Amino acid sequence: MGKPVILITGGLTGIGRATAVAFAEKGAKVVVAGRRDEVGKTLAEELRVLGSEAEFVHADVRNEDEVRAMVEETVARFGRLDVAVNNAGTEGVPGPITDQTAQTYHDTFDTNVLGVVLSMKYEVRVMKEQASGVIINISSTVGHAAFGLVAATQGTMYAGSKHAVEGLTKSVALEVASSGIRVNAVAPGPIDTGMLLRTAGAPDKVEGLMKVIPQGRLGRTKELAAAIVFLASEDAAFITGHVLDVDGGLAAS
Ligand SMILES: NC(=O)c1ccc[n+]([C@@H]2O[C@H](COP(=O)([O-])OP(=O)(O)OC[C@H]3O[C@@H](n4cnc5c(N)ncnc54)[C@H](OP(=O)(O)O)[C@@H]3O)[C@@H](O)[C@H]2O)c1
């Protein structure tokens, strides 16, 4: 393969942005998708300076027309889609189950779950035509572990949505395993991004959070990007339907 074509949803900040930079530094063609056009165009410029043929595409992953257009524009620009990183996510509105409403459900699940469903729908259509491709969904440790942390942060809806991401990842992996397509998830522990700071609410809460992580520190976006780049690579050719913890030991604790 020549330079692979990479699509990253929610690619303008945090883990998505670090992943875009990591792929760009490897010379890949990178499409960053997001909701803020000016920020996206500026990032695409920065990726071009790194030597990547990079583009920004506007896409809110809750909107099926925008997701379809995101994939179509990627293929129109670069002719194929080799790697899709379904990273767009929200912490939603944390709170006890007794306070949840249909709206708070939609606030979390429409981005974290429907967004992954719609993204995979159009990505797999292209990858089936190619008979190749890699999809990496971004879950969380709380997609399968760390329930004490979920209770302490009242992140029940978020944890539920990430469980769905892992179920979808494994189910679709099996659906497309014989089509030359691999589907995996990366499950970050607490990572130093805007989402973590919004969720924790205050710097002293971040300190408290670090105490529950066996390695005693937050993860770095670069460390997540490295795991994603590995799963996208030929070195991971026999890995599909897998959820890779990148969490300083949190899931094992
Ligand atoms: N940081 C952590 O500790 C941690 C831990 C476990 C899992 N994760 C997961 O990692 C992924 C990346 O999060 P992050 O930590 O890098 O935080 P982040 O910087 O807040 O990134 C989230 C990105 O998703 C975008 N986004 C949100 N809703 C969207 C929508 N409906 N359509 C398109 N884009 C949307 C945001 O764009 P806007 O600026 O437009 O809102 C933002 O760029 C998420 O799936 C998150 O759940 C993070």
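Heads up: the structure comes first, above all this text.
It should be emphasised that the depicted structure is a prediction, and the values quoted were computed from it without experimental measurement.

Next up on the list: the side chain of Asn 112. Structurally, Asn 112 is set in helix 4 (residues 102-130). A distance of 3.1 Å separates the side chain of Asn 112 from the side chain of Ser 161, its partner in a polar contact. In this structure, Asn 112 is in contact with Ala 88, Gly 89, Thr 90, Tyr 158, Ser 161, Lys 162 and Val 165, ignoring residues within four places of it in sequence.

Our next topic: the packing of aromatic side chains. Taken as a whole and judged by the stated rule, the model has one aromatic pair. Pairing Tyr 105 with Phe 109 gives two aromatic rings, centres 4.4 Å apart and planes at 15 degrees, and the pair type is stacked. Of the two residues, Tyr 105 and Phe 109 are both situated in helix 4; the distance of four residues between them amounts to about one turn of the helix.

This brings us to the site of the ligand. With respect to spatial proximity, 27 residues lie near the ligand, and among them Thr 13, Ile 15, Arg 35, Tyr 158 and Thr 193 are the closest. Within the contact set of the ligand, an oxygen atom lies 2.7 Å away from a side-chain nitrogen or oxygen of Arg 35. Side-chain polar atom of Thr 111 to a nitrogen atom of the ligand: 3.0 Å apart, as the coordinates give it. Protein coverage of the free-state accessible area of the ligand, which is 880 Å², stands at 91%. At the level of elements, helix 1 (14-25), helix 6 (156-176) and helix 7 (194-200) are the ones that each hand at least two residues to the shell around the ligand. A total of three residues in the shell around the ligand trace back to one element, the largest contributor, which is helix 7.

What follows covers helix 6. An ideal rise of 1.5 Å per residue puts 30 Å on 21 residues; helix 6 measures up with 30 Å between its terminal C-alpha atoms. Where helix 6 is concerned, the buried positions are Met 157, Tyr 158, Ala 159, Ser 161, Lys 162, Val 165, Glu 166, Thr 169, Val 172, Ala 173 and Val 176. The inward-facing, buried residues of helix 6 abut helix 4, strand 5 (133-138), helix 5 (147-153), strand 6 (181-188), helix 7 and strand 7 (243-246).

Pairing between side chains of opposite charge can happen when the charged atoms of each approach one another. A complete count under the given rule lists 14 salt bridges for this structure. Between Arg 77 and Glu 53 there is a salt bridge; the shortest N-O distance is 3.9 Å. With Arg 77 in helix 3 (residues 64-78) and Glu 53 in the loop between helix 2 (37-49) and strand 3 (54-58), this pair connects stretches of sequence that are 24 residues apart. Residue Glu 53 is classed as partly exposed on the basis of its relative accessible area, which comes to 36%. Each of Glu 45, Arg 48, Glu 53, Glu 55 and Arg 77 takes part in a single network of salt bridges with overlapping partners.

Spatially, the seven strands line up as an open sheet ordered 3-2-1-4-5-6-7, and their pairing is parallel. The open sheet has two edge strands, strand 3 and strand 7, and neither has a second partner. On average, adjacent strands in this sheet sit at an angle of 20 degrees to one another, irrespective of strand direction. As paired strands, strand 6 and strand 7 are joined by four bridges and run parallel to one another. Bridge pairing links Ala 185 to Val 243 in strand 7. Against the sheet, helix 1 engages strand 1 (5-8), strand 2 (29-34), strand 4 (83-86) and strand 6, with an angle of about 170 degrees to strand 1.

Before going further, it helps to spend a moment on unusual backbone geometry. Residues apart from glycine generally show negative phi values, whereas peptide bonds are mostly found in trans. Residue Ala 131 is not a glycine yet carries a positive backbone phi of 60 degrees. Here the phi dihedral of Gln 154 falls at roughly 55 degrees; this positive angle occurs in a residue that is not glycine. By secondary structure assignment, the location of Gln 154 is in the loop between helix 5 and helix 6.

Reading guide: rules and limits
- Numbers given to residues run from 1 along each chain, matching the order in which its sequence is written.
- Two thresholds apply to this predicted model, a pLDDT of at least 70 for residue-level local features and 80 or more for giving and counting side-chain atom pairs, whereas whole-chain, interface and lining totals are computed over all residues.
- Working from all heavy atoms in the structure, the side-chain values ignore hydrogens and water.
- Helix and strand definitions follow DSSP, with helices as H or I runs of at least four residues and strands as E runs of at least two, each counted in order from the N terminus.
- We call two N or O atoms a polar contact when they sit within 3.5 Å, provided that within protein one can donate a hydrogen and the other can accept it, with sequence-adjacent residues counted only if both atoms are side-chain atoms.
- Throughout, a contact is declared for two residues whenever any of their heavy atoms are within 4.5 Å.
- Aromatic pairs are defined between Phe, Tyr and Trp rings, using the six-membered ring for Trp, whenever the two ring centres lie within 6.5 Å; interplanar angles under 30 degrees are classed as stacked, those over 60 as edge-to-face, and all others as tilted.
- Nearness of a residue to a molecule or strand requires only that one of the residue's heavy atoms be within 4 Å of it.
- For the accessible areas, the method is Shrake-Rupley and the probe is 1.4 Å, while residue cover comes only from the protein chains on display.
- Working rule for helices: expected span equals 1.5 Å times residues minus one.
- For each residue, the accessible area found with a 1.4 Å probe, counting protein chains only, is set against the maximum for its type, and the residue is called buried under 20%, exposed over 50%, and partly exposed in between.
- A pair is scored as a salt bridge if a Lys or Arg side-chain nitrogen falls within 4 Å of a carboxyl oxygen belonging to Asp or Glu.
- Should DSSP find at least two bridges between two strands, the strands are regarded as paired.
- To define axes, lines are fitted to C-alpha atoms, for helices over the stretch in contact only, and angles between the resulting N-to-C directions are given on a 0 to 180 degree scale.

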